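Each chain, written out:
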Amino acid sequence: MRGAIYAGLVGYVLMLLAIFGGEGAALGGYVVMSLSVGLYLVVDIASAVGLWRFGSVPASTGAARPARQSFLCFAAGHGWLLLCVLLVLWPDPALYLGSLVWGLFALWPIALLALSGVSLGLLARALGAVFRSLGETPPAWLPMLVGAYFAPWILMAAIWIGCFVTDSHPIAPMQILLWALWLLNMVAIALALASAMGRAAAVLERQESPESVVG
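Residues numbered from 1 in each chain as written. Predicted model: local features only at pLDDT ≥ 70, side-chain atom pairs only at ≥ 80, totals over all residues. Heavy atoms only, no water.

(A) Summary view of the packing of helix H5 (residues 100–133) against helix H6 (residues 145–165). Contact geometry for H5 and H6: axes closest at 8 Å, N-to-C directions at 155°. Taken together, H5 and H6 sit at an angle that is classed as roughly antiparallel. Relative to H6, the crossing made by H5 is right-handed. Taken together, the residues of H6 that come into contact with H5 (itself represented by Leu113, Ala114, Ser116, Gly117, Leu120 and Gly121) are Leu145, Val146, Tyr149, Phe150 and Trp153. Residues of the contact of H5 with H6, tallied by class, amount to 8 nonpolar, 3 polar and no charged. (Axes fitted to C-alpha atoms, helices over the stretch in contact; angles between N-to-C directions. Helix = DSSP H or I, 4+ residues; strand = E, 2+ residues; numbered from the N terminus. Parallel < 35°, antiparallel > 145°, perpendicular 65-115°, else oblique. Left-handed = near helix turned anticlockwise from the far one by under 90°. Contact = heavy atoms within 4.5 Å. Nonpolar A, V, L, I, M, F, W, Y, C, P; charged D, E, K, R; others polar.)

(B) View of the nonpolar core. Core analysis: the biggest nonpolar cluster contains 37 residues, and Phe54, Leu123, Leu127, Val130, Leu145 and Leu193 have the highest contact counts within it. Among the secondary structure elements, those contributing two or more residues to this core are helix H1 (2–19), helix H2 (26–54), helix H3 (64–89), H5, H6 and helix H7 (172–204). Ranked by residues supplied to this core, first place goes to H7 with 14 residues. (Core = buried A, V, L, I, M, F, W, Y, C linked by side-chain atoms within 4.5 Å. Buried < 20%, exposed > 50% of the residue type's maximum accessible area, 1.4 Å probe, protein only.)

(C) Representation of the side chain of Ser119 within the structure. Mapping Ser119 onto the fold places it in helix H5. Ser119 has contacts with Leu51, Ser70, Cys73 and Phe74, leaving out every residue within four places of it along the chain.

(D) Summary view of H5. Bending of H5 peaks at approximately 45° at the position of Trp108, with proline Pro109 no more than four residues after it. At the C-terminal side of H5, Gly135 shows a positive phi close to 75°. (Bend = angle between axes of the 7 residues up to and from the residue.)

Worth remembering: the numbers are spatial, not functional.
Here it is, written out as C-alpha cells:
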C-alpha cells in the first residue's frame with residue numbers, strides 16, 4: 001500500500017501539470033493527463049488490494065474489521081467513479097438506465113469524497129488498533145487525518161460559494177494557490193499515512209506469526 005501511495009502522489013502531480021500546462025502544450029497536456037489517468041487506475045487497484053490484504057491481519061489486533069470496512073468504502077466510492085467513466089465511454093447502456101444516469105453523475109463527486117474520507121478514517125482506526133494491540137502508542141495525529149483530508153475541499157467549496165453569491169470569479173493566482181494547497185495537503189497526508197503503515201508493519205512483525213500485510 002505504501003507503494004500505491006507514492007505512485008498516487010506522482011499521479012496527482014501529473015494531473016495538475018496537465019491542468020495548468022496551458023493551451024500551447026495541448027498535446028503534451030493530453031499525454032500527461034492520459035498517463036495520470038492510467039496511473040490513477042493502477043493506484044486504485046493496488047490500494048484496493050492492499051486494503052483487502054490488511055483485512056487479514058491477526059484477529060487479536062482488532063484491526064481486521066475496520067480494515068475490511070475501509071476496503072468496502074474505498075471499493076464503493078471508486079467503483080461508482082469507474083461506473084460513471086464507463087457510461088461516458090460507452091453511452092449505449094445509459095439509455096437503459098434513463099434518469100438514473102443523471103443521479104449517478106450528480107452524486108458521484110460527493111459520494112467519492114465522502115466514501116474516501118470514511119475509508120481513510122477506518123484505515124486510521126485499523127492502524128491505531130495494530131499499535132494498541134501490542135501496547136504501542138499510536139501517532140497522535142492519526143485521528144486527525146480525516147479532518148486534514150476534508151479541510152482543503154471545505155475551503156475551496158466556501159470560496160466558490162462566496163464567488164457565486166457575489167457573482168464574481170476567483171482570479172487565476174487564487175485558483176493556482178488553492179490547488180497548490182490541496183496538493184501539499186495530500187502529500188502531507190500520504191507521507192504521514194505511509195509512515196504509520198511502516199511503523200504498524202514493524203509492530204506486526206513482533207508477533208509470533210508475522211503478517212506484514214500493511215506494507
